[in-house]
Amino acid sequence: MPPSEISDLFSLSDFVVQRPSPSQGAGLGPWTLQAHSFPRGGPLSEQLRFALGYALLAPSIRNTQPWRFHLRCHDDRRARLELRLDRSRVLAVADPDGRAATISCGAALTALTLALSQLGPIPHTLELLPSDDDDALLARIHVDTGAPAPAPLPPESQWMFQCLPKRRTLRGPMAARPISARLLERLQAVATRDGVSLHPLLPGDPRRAALVELIEEGEALQAADLAFQAELARWTLSPGAASEGRASGLRPDPGGRTFATIPTEAEGPAARPRPARGEDLSEGSPVMAILATERDTPRDWLRAGDALLRLLLRGRVDHVWASYFGQPLERPALRRRLAALLHELPEETLNTTPENTPNPLHPQVALRLGHGGEVPPSPRRALEDVLEQETA
Ligand SMILES: Cc1cc2nc3c(=O)[nH]c(=O)nc-3n(C[C@H](O)[C@H](O)[C@H](O)COP(=O)(O)O)c2cc1C
């Protein structure tokens, strides 16, 4: 997209970031980073630690932040950064295969590589799943500042980078105003790569009703599942959690909503939480969208995380926010029905194995997208808690 087109999509005043101050509570410090403080000319380890600060801001299932980083500087020019899945933070009930946790790590990885490409830029190469013997090792980044500098990021990606500290999950009401066709096209474009695709379900699309049914069914199953409820409770912060020092876990909205309830615009942000109802889900979701991959391996999950973050950041550039419908994805039988819905095929005819399916699509994330207002940030663990640094 030529810069002239970008400039009419963005306005500089949109980028006055509302930053929390660290004194607002434990866990909010990571949101205060500012690109102009990048230690240009400083030691490589300091520069990489700064870039890692952006990875901490990625979204993650229930805000579990299931990542660990390892940094080794070989000398003042070359370094190796590794990203691992922290299995102790994978949700045993909601996400037994670690699929959503790996998607979350994929989003953190993209935040990091965007930062490396924008700050400096710092020349680097990326390997996904570099070890056959160690499947928790999700990615390795080789940094060599002596290598030719990468091309500057295109303007659209620069704006997306700037939105990293501004992105939040908006579970509250969204404006009824539709997302323009042009913006939706951009969202699809940034999310479509490496076998990932974004499938918007707009008002009037008959598949929305089927999706709502799946969400409601999932919601009912989860409500009756004591193990699920116990796990959700463990990962849900009380409203005062920031001051209690908890730096991970889902932050309920001011109305007390956790993750499944959506008020309509008329109810306002302080509406009391209650189970999601079909008509609210549909009315409260200007766009429903499903991010899907052609295969269903950890590599695809990482790529889905990459696409998810790009989609969220590109949306945020134009004040589009998102929240998630995890219910149908967290139950294998419902996830298969969601795949059938995407294929517009009866479920019985859909064999989910890639070999037998002509054009398989595996749903990875189901979202609600729309315009909305500001949302306070959720806490994050500090870099020291997720980084192991080795000196050569
Ligand atoms: C793979 C994935 C799945 C998620 N599923 C849900 C969900 O089902 N319901 C929900 O409310 N939020 C969901 N989220 C959003 C997280 O709860 C959110 O990112 C986290 O609480 C941190 O808040 P933030 O996005 O505002 O920084 C999901 C996020 C990711 C990356």
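You'll find the structure just up there.
### Some words on the sheet that holds strand E4 (residues 137–144)
Then step 1. Taken together, the five strands give an open sheet; going across it, the order is E3-E4-E2-E1-E9, and neighbouring strands pair in mixed fashion. Where the open sheet ends on each side, the last strands, each with one partner, are strand E3 (124–128) and strand E9 (387–391). Between one strand axis and the next, the sheet turns through 15 degrees on average, direction left out of account.
Then step 2. Across seven bridges, strand E1 (residues 67–73) lies against strand E2 (residues 78–85) in antiparallel orientation. Looking at E2, one finds that Arg72 is bridged to Arg80.
Then step 3. Across the sheet, helix H2 (residues 44–55) lies against E1, E2, E4 and E9, angled at about 165 degrees from E1, the strand it touches most.

### What about the sheet that holds strand E8 (residues 362–371)?
Then step 1. Ordered in space as E5-E6-E8-E7, the four strands form an open sheet in which the pairing is antiparallel. Of all strands in the sheet, those bounded by a partner on one side alone are strand E5 (196–201) and strand E7 (320–324). Sheet twist, expressed as the average angle between the axes of neighbouring strands with direction ignored, equals 30 degrees.
Then step 2. Of the strand pairs in this sheet, strand E6 (residues 287–293) and E8 are connected by seven bridges, and their pairing is antiparallel. In the sheet register, Val287 faces E8, and the bridge partner there is Leu369.

### Details of helix H10 (residues 298–317)
Then step 1. The terminal C-alpha atoms of H10 lie 29 Å apart, and with 20 residues this matches the ideal 28 Å at 1.5 Å per residue to within 8%.
Then step 2. Burial of H10 is extensive: 19 of the 20 residues sit out of reach of the surface.

### What about H2?
Then step 1. For H2, with 12 residues, the first-to-last C-alpha span of 17 Å sits near the 16 Å given by 1.5 Å per residue.
Then step 2. Burial analysis of H2 places nine of its 12 residues in the buried class, which makes it a mostly covered element.
Then step 3. Within H2 the residues assigned to the buried category are Leu44, Gln47, Leu48, Phe50, Ala51, Leu52, Gly53, Tyr54 and Ala55.
Then step 4. The inward-facing, buried residues of H2 contact E1, E2, helix H3 (99–118), E4, helix H12 (383–386) and E9.

Criteria and thresholds
- Within each chain, residue numbers correspond to sequence positions counted from 1 in written order.
- Whole-chain, interface and lining totals are the exception, using all residues; otherwise, since this is a predicted model, local features are given only for residues with pLDDT of at least 70 and side-chain atom pairs are given and counted only at 80 or more.
- Strands are treated as partners if at least two bridges between them are detected by DSSP.
- Secondary structure follows DSSP: runs of H or I at least 4 residues long count as helices, runs of E at least 2 residues long count as strands, and numbering of each begins at the N terminus.
- As a rule, the C-alpha atoms of each element are fitted with a line to give its axis, helices using only the stretch in contact, and angles between N-to-C directions run from 0 to 180 degrees.
- Residues are defined as contacting one another if the C-beta atoms placed from their backbone atoms lie within 7 Å.
- Between the first and last residue of a helix there are one fewer steps than residues, each counted as 1.5 Å, and that sum is the expected span.
- Buried residues are those with 20 or more other C-beta atoms within 10 Å of their own C-beta, exposed residues have 12 or fewer, and partly exposed residues lie in between; C-beta atoms are placed from the backbone.

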